[in-house]
Amino acid sequence: MAFMRPLGNTGLTVSALGLGTVKIGRDKGVKYPNGFTIPDDTAVRDLLARARDLGINLIDTAPAYGHSETRLGQLLSARQDWVIVTKVGEEFDNDSGDSHFDFTPEHVQRSVARSLARLNTDYLDCVLVHSDGNDLDIIQRLGTLDALNALKQQGLIRATGMSTKTVAGGIATLEKADVAMVTYNLAHDEEVPVIEHAARHGKGILIKKAFASGHLCQDGDDPVQESLNRILGTDGVSSIIAGTINPQHLQENVSKARRACGE
């Protein structure tokens, strides 16, 4: 398995490790074991340059990540070098620190237009629905994926999908869209059937919480390497989204991801 991989049948090629950007835009209401300070523009610019130098081309953001989209739009250089994943559905209020959800087709259109403006781009590589856990209701009743697919037809989005929380939701997503983002780590393999479905049907899989949001159990010599070996060795996995603002952690994670890919 190579470090650069196809994102299903989307025509996009992504690095096996992608950079998650919650921590550059939001420090309220996040579930990490340790506190952190949102980095300044110089630090973010340096982190992005380091990621690119290490071979990462995938970057994950969302409206729910506070100021993340806006900062990326200001600080990302060479747009064509990046595959940008963002989301719709979850809204975060920076003042209150609270989230709320809106899955209506009207909100999808407004959210995508806003993401295009914030990210300073005229297309989004991949847009995922940011599920609240009611995956099937979102897909079957609310028409959220249909709204995204309509924007794909207009050329504003290259690939659509959902960040899901259930096996049924993940499989239903892959039947209507291109990509599912699922949880997979050493302590959570319940969603592997979604990955297997993707592998059979040429769909893309992005992995969230690969290190259990920093809560990875410390059994074994190197739980991060063990986790990367298992996930990146699973047929159907396109990329792991891992958020960090520490350049040293980023370099270590890429080295271990490349090792897991046999490089």
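So, here's what we can say about the structure.

Conventions we followed
Each chain carries its own residue numbering, running from 1 in the written order of its sequence. Predicted model: local features are reported for residues with pLDDT of at least 70 only, side-chain atom pairs are reported and counted for 80 or more only, and whole-chain, interface and lining totals are derived from all residues. Heavy atoms throughout the structure, all of them, feed into the side-chain values; hydrogens and water do not. Axis definition: a line fitted to C-alpha atoms, over the contacting stretch in the case of helices. Angles run 0 to 180 degrees between N-to-C directions. Here a helix means four or more residues in a row that DSSP labels H or I, a strand means two or more in a row labelled E, and each is numbered from the N terminus. The cut-offs work like this: below 35 degrees is roughly parallel, past 145 is roughly antiparallel, 65 to 115 is roughly perpendicular, and the gaps in between are oblique. For a crossing to be left-handed, the near helix must be turned anticlockwise from the far one by less than a right angle; the clockwise case is right-handed. In this description, contact between two residues means that some pair of their heavy atoms is separated by no more than 4.5 Å. As used in this record, nonpolar core signifies buried Ala, Val, Leu, Ile, Met, Phe, Trp, Tyr and Cys residues forming a set joined through side-chain atoms within 4.5 Å. Burial here depends on accessible area, computed with a 1.4 Å probe over protein chains only, as a share of the maximum for the residue type. Under 20% is buried, over 50% is exposed, and the range in between is partly exposed. Salt bridges are counted wherever a side-chain nitrogen of Lys or Arg sits within 4 Å of a carboxyl oxygen of Asp or Glu. To estimate the expected span of a helix, subtract one from its residue number and multiply by 1.5 Å. Polar contacts, as counted here, are pairs of nitrogen or oxygen atoms within 3.5 Å of one another; within protein the pair requires one atom able to donate a hydrogen and one able to accept it, and residues that are adjacent in sequence qualify only if both atoms are side-chain atoms. When DSSP finds two or more bridges between a pair of strands, those strands are recorded as paired. Any two rings among Phe, Tyr and Trp, with Trp reduced to its six-membered ring, count as a pair given centres within 6.5 Å; such a pair is stacked if its planes are under 30 degrees apart, edge-to-face if over 60, and tilted if neither. The criterion for a charge sitting over a ring is simple: Lys NZ or Arg CZ within 6 Å of the ring centre, and within 35 degrees of the ring normal.

**Remarks on the packing of helix α3 (residues 105-118) against helix α5 (residues 144-153)**
As a packed pair, α3 and α5 sit with axes 8 Å apart at the nearest point and diverge in direction by 40°. Taken together, the axes of α3 and α5 are oblique relative to one another. Regarding α3 and α5, the two cross each other, and that crossing is right-handed. Contacts between α3 and α5 involve P105, V108, Q109 and V112 from the first element and T144, A147, L148 and L151 from the second.

**Notes on the nonpolar core**
Of all hydrophobic cores here, the largest spans 59 residues; its most connected members are V112, L148, I205, I207 and L232. Those residues within four positions of L232 in sequence are excluded, and the remaining contacts are M1, R5, A16, V237, I240, A257, A260 and C261. By size, the runner-up hydrophobic cluster in this structure holds 13 residues, among which are L7, V85, L128 and I241.

**Details of the pattern of salt bridges**
In the structure shown here, the tally under the stated rule is 11 salt bridges. Of the charged contacts, one joins K87 and D60 as a salt bridge, the two residues approaching to 2.9 Å between their closest N and O atoms. Pair noted here: K87 is in strand β5 (residues 83-88) and D60 is in strand β4 (residues 58-60), with a separation of 27 residues, a long-range link. Side by side, K87 and D60 carry an identical accessibility label, which is buried. A salt bridge links E69 to R118; its shortest N-O distance comes to 3.2 Å. Linking E69 in helix α2 (residues 68-75) with R118 in helix α3, this pair joins segments that are 49 residues apart in sequence. Overall, the relative accessible area of 0% leaves E69 in the buried class. Where salt bridges share partners, they join R79, D125 and R158 into one cluster.

**So, helix α9 (residues 247-260)**
In a regular helix each residue adds 1.5 Å, so 14 residues correspond to 20 Å; α9 covers 20 Å between its end C-alpha atoms and thus fits that length. Those residues of α9 lying buried are L250, N253, V254, K256, A257 and A260. Tucked inside the fold, the buried residues of α9 contact β3 (17-20), α1 (41-53) and α8 (223-232). The N-terminus of α9 is capped by N246, whose side-chain oxygen sits 2.8 Å from the backbone nitrogen of Q248.

**A word on the sheet that holds strand β8 (residues 124-130)**
The eight strands lie next to each other as β3-β4-β5-β8-β9-β10-β11-β12, forming a closed barrel whose pairing is parallel. Here the strands of the sheet are splayed against their neighbours by 30° on average, with no regard to which way each runs. With four bridges connecting them, β3 and strand β12 (residues 239-243) associate as parallel partners. Its bridge partner being in β12, G20 is matched across the sheet by G243.

**A closer look at the packing of aromatic side chains**
A full pass over the atoms with the stated rule returns one aromatic pair. Summarising the aromatic geometry, the rings of F101 and F103 are spaced 5.7 Å apart at their centres and angled 20° between planes, so their arrangement reads as stacked. Judged by relative accessible area, F101 falls into the partly exposed class, the value being 35%. Over the ring of F36 we find K23, and its NZ or CZ is 5.2 Å from the ring centre.

**As for helix α6 (residues 167-176)**
Among all positions in α6, only G169, G170, A172, T173 and L174 are buried. On its buried face, α6 is in contact with α4 (135-142), α5, β9 (157-163), β10 (179-183), α7 (192-201) and β11 (204-208). N-cap assignment for α6: the residue whose side-chain oxygen lies 2.9 Å from the backbone N of G169 is T166.

Remember, this is a structural readout, not a statement about activity or role.
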